[in-house]
Amino acid sequence: MMENKTKTACETCTHFNADGLKKLGVKTEDFDFILALAGNPNTGKSTVFNALTGLRQHTGNWPGKTVTRAEGAYVYNNQKYKLVDLPGTYSLLSTSEDEEVARDFILFGKPTVTIIVVDASRLERNLNLVLQILEITGKAVLCLNLMDEADRNNIKIDTRILAKDLGIPVVPTSARFQKGIPELIQTISELANGKIQCKPHRIKNIPKNIEKSVNELSETIEKEFPNISNSRWIAFRLLEGDTQIIEALKSGKFVSNEY
Amino acid sequence: MNTKNIENIIALAEDLRWQIGDDFHDNLAESIYTDAAKIVEDSVTKDNQKSKFRLDAKIDKIVTSRIWGFPIMLLILSVVLWLTIVGANYPSSMLSALLLDTVHPFLKNLGTNIGFPWWLNGFLFDGVYLAVAWVIAVMLPPMAIFFPLFTLLEDFGYLPRVAFNMDSLFKKSGAHGKQALTMSMGFGCNAAGVVATRIIDSPRERLIAIITNNFSLCNGRWPTQILLATLFIGAVVPQSLSSFASLTAVIGIAVLGIFFMFFFSWGLSKTLLKGEISTFNLELPPYRPPVFWKTIYTSLIDRTLIVLWRAIVFAAPAGAVIWLISNISIGNESIAAWSIHALDGFGFLLGLNGVILVAYIVAIPANEIVIPTILMLTVMVTGIHAGAGDGVLFELNSVTATADILKAGGWTLLTAVNVMLFSLLHNPCSTTIYTIYKETNSLKWTLVATILPIITGFIVTFLIAQIWRILV
């Protein structure tokens, strides 16, 4: 079925290098880049994962069926990408086990690029997680998945404005039908190789007194850890009294590369 | 890295936290929502009039309603089972005609012609081959129908609605609502259901889900239920009602399993596994039309063939064991005959017999081979010559011939009812036991999960047998 579809104009263009893609399944050693796949439950992360790696992780229309981290890999233009499918979460602000797995990997696993999969037909609810992730990492791409459903519900999304507001590239996809996957792969490659620079959205509309405290704290953190990119997020967590982050600071987890 | 500086950072954070007060979390969450709303306002336009969400909401109102929720669940289960029972018949008989009536004699002749000694010929073709062939003929067709149907429902988005409907029941029994999902997985395969309990965060509630998963009638046990219901339950009502009666009996057993699952979840949460009930959010996902052929294909490859392969791997050595215990004698009795006689008394108390108990011991690796083992052993002790001889597993072409053999072995309606109950209530298969051990990492809980259902089975069948004998 899928094989016989006609090629779109993009796919016949020379820049569009879908031929450079090789799905590697579970062979994840010696990778050049590491990618994290994050998003709300039931947005199709596992389907995107399968489309990229050629694996057949079980997918199903119920939230929470990815119970552990799944790993896979693919090669694109001779560079090897290791892909980690994280459990779906609505937020990174509480401390349930699946949220911890997801947060720890984005924070300490230092993925080159984080792919944030969202349900295009429920964008507003999904943005809650997106904005939190963007506080932790700037190198991210928004995979606007389930576009077919959004279309059916007569929801139109201006991806340019969305990309500008979020400060990261936005790729519309329908992973179940393999649509948009080549574009996603290309965008990931450009991000990983530094051809696209992001200016991630930072949470605005914070009450003045809180903003002041956050700034003071994050400046102090930056003085101690000059190379850290998410001092503001750490400040959020410290102000909330997150004991795990306090432990991580004490043990030096933020500067080491061990995970 | 300077420890003192880090202490300072933490101290500063403490100070600031006092200053900004404890509504920080709410303030931050609110800021995020404000930002999200602003971004969506910029980039998204929707036409609410034509939205499909309304249709989803309408469907949900019906399938999760207090009145219709449970009847619809039962109806869907009945339809899936009915399609499986009816649809599997034809390919099953074709497969057994091919594998048992054509290939088996061919192999035996081949063995004789090559010059195999009788014991090698018997061991290989009457033991190992026939066990495997029987499992394929009986297991493959129902699985190839049941699993894709189940996967289609899963892809469509029905499972979370089941969880939603049953949530309050689980809460009352002290368990986690997500157990509804792992229970549903157990209807396919208990080992898969046990692995699926990883979606439950709280260790207490997860243990409850693991221990009680075996009360979901698994795929290896459905054929036993279906066969016995057809032979014995269907036979006591008029012809026109027989398939309805058998279907009701099978569903009755499945529902009884769900009852026991709730009962033991409740019992465990009141005794060994006391604790808080954790709350959770369950999002009802939108209904999605499944990608039909792709779903069929992947569920055939990923589920059906994997489960079938497992059954074959266990059936082959079991077939060998059955042949061996029937053909190796201690004194003037074969091992099989000796153990059957030893267990007959205990079996009678339970309304079963020695043959059935021996069959359940031989079939610990795979529930699928219980019925063929029972048939073979029955033929041996009753001395009927209806098949290829002692220790040979066989498929009987006509269903009535199967019933005749069982009746010659002393079976009554009580035996059939109790075997159906015992099939629901006995130890998990060895794969599931091993999976439970791997998931819990505890011998104690593995033992509990293994022994609890079989003790229940002994008690239930014993009581039924005594009451039956008094009344009938």
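Remember, it's a predicted structure, so these values are computed and weren't measured experimentally. Position numbers for residues count from 1 along each chain, tracking the sequence in the order it is written. The lettering of chains begins at A and the numbering of ligands begins at 1, in the order of writing. Selection of residues for local features in this predicted model requires a pLDDT of at least 70, selection of side-chain atom pairs for listing and counting requires 80 or more, and totals for whole chains, interfaces and linings are taken over all residues. Hydrogen atoms and water are omitted, and side-chain values are computed over all heavy atoms in the structure.

Participant: Help me out: how do you make sense of the interface of chain A and chain B in this one?
Facilitator: A common way to state how big an interface is: give the accessible area lost once the parts meet. The contact rule is simple, with two residues in contact once any of their heavy atoms fall within 4.5 Å. Facing 70 residues of chain A, the contacting portion of chain B comprises 60 residues. We define buried area as the total accessible area lost by two parts upon association, computed with a 1.4 Å probe and summed across both. Counting each side, the surface lost to burial between chain A and chain B is near 6,100 Å², with a carbon and sulfur contribution of 62%. Note on definitions: salt bridges are taken to be side-chain nitrogens of Lys or Arg within 4 Å of carboxyl oxygens of Asp or Glu. Scanning the region where chain A abuts chain B turns up zero salt bridges. Polar contact criterion, stated in full: a pair of N or O atoms within 3.5 Å, where within protein one must be able to donate a hydrogen and the other to accept it, and residues adjacent in sequence count only if both atoms are side-chain atoms. At the boundary of chain A and chain B, one finds 10 residue pairs in polar contact (both at pLDDT 80 or more). Looking at the side of chain A that touches chain B, the elements with two or more residues in it are helix H3 (97–108), helix H4 (123–136), helix H5 (147–152), strand E7 (155–157), helix H6 (159–166), helix H8 (208–224), helix H9 (231–240) and helix H10 (243–251) of chain A. With eight residues, the single largest contributor to the side of chain A that touches chain B is H8 of chain A. Among the residues making up the side of chain A that touches chain B, the classes are represented as 30 nonpolar, 20 polar and 20 charged. Counting from the N terminus, the helices are DSSP H or I runs at least four residues long and the strands are E runs at least two residues long. Gly is put with the polar residues, along with every residue not named as nonpolar or charged; the nonpolar set is Ala, Val, Leu, Ile, Met, Phe, Trp, Tyr, Cys and Pro, and the charged set is Asp, Glu, Lys and Arg.

Participant: Before we go on, may I ask you to explain the packing of helix H18 (residues 430–440) of chain B against helix H19 (residues 443–471) of chain B in this structure?
Facilitator: For any two helices packed against each other, one specifies the crossing angle of their axes together with the interaxial distance. Residues and elements named next belong to chain B. The geometry of H18 relative to H19 is characterised by a closest axis approach of 8 Å and an angle of 145° between their N-to-C directions. In the packing of H18 onto H19, the handedness of the crossing is right-handed. Of H19, the residues touching H18 (which contributes Ile433, Ile436, Tyr437 and Thr440) are Leu443, Trp445, Thr446, Ala449 and Thr450. Looking at the contact of H18 with H19, its residues break down into six nonpolar, three polar and no charged. Here, axes are lines fitted to C-alpha atoms. For helices the fit covers the stretch in contact, and angles between N-to-C directions go from 0 to 180 degrees. The sense of a crossing depends on the near helix, which, turned anticlockwise from the far helix by less than a right angle, makes the crossing left-handed and, turned clockwise, makes it right-handed.

Participant: Is there a simple way to explain a nonpolar patch on the surface in this structure?
Facilitator: Residue and element names in this part refer to chain B. A contiguous nonpolar surface patch, about 1,200 Å² in accessible area, is contributed by Phe346, Leu349, Leu447, Ile451, Ile455, Ile459, Phe462, Leu463, Ile467, Ile470, Leu471 and Val472. The set of elements that each furnish at least two residues to the nonpolar patch consists of helix H13 (335–349) and H19. For the nonpolar patch, the leading source of residues is H19, giving nine residues. Relative to the helices and strands, Leu471 is located in helix H19. For every residue, the accessible area (1.4 Å probe, protein chains only) is compared with the maximum for its type, and the residue is labelled buried under 20%, exposed over 50%, or partly exposed between those bounds. On the accessibility criterion, Leu471 (68% relative accessible area) is exposed. Patches draw on residues past 30% relative accessible area with no salt bridge. Two like charges within 9 Å are joined, as are two nonpolar side chains (Val, Leu, Ile, Met, Phe, Trp, Tyr) within 5 Å. Surface accessibility follows the Shrake-Rupley procedure with a 1.4 Å probe radius. Residue values consider only the protein chains on display as shielding.

Participant: In this structure, what is going on with the sheet that holds strand E6 (residues 140–145) of chain A? I would like to understand it.
Facilitator: By definition, the strands of a sheet pair up through backbone hydrogen bonds, in either a parallel or an antiparallel sense. Residues and elements named next belong to chain A. In spatial order, the strands read E1-E3-E4-E2-E5-E6-E8; together these seven strands make up an open sheet with mixed pairing. Looking along the sheet, the strands with just one partner apiece sit at the ends: strand E1 (21–25) and strand E8 (170–172). Each strand of the sheet is rotated relative to its neighbour by a mean of 25°, with strand direction disregarded. Any two strands with at least two DSSP bridges between them are considered paired. Relative to E8, E6 runs parallel, the two being bridged by three bridges. Bridge assignment links Leu142 to a residue of E8, and that residue is Val170. Across the sheet, H4 is in contact with strand E2 (33–39), strand E5 (113–119) and E6; its angle to E5 comes to roughly 165°. Helix H7 (residues 181–192) contacts E1, E2, strand E3 (70–76), strand E4 (79–85), E5, E6 and E8 of the sheet and is inclined by roughly 170° relative to E6.

Structural measurements only, silent on function.
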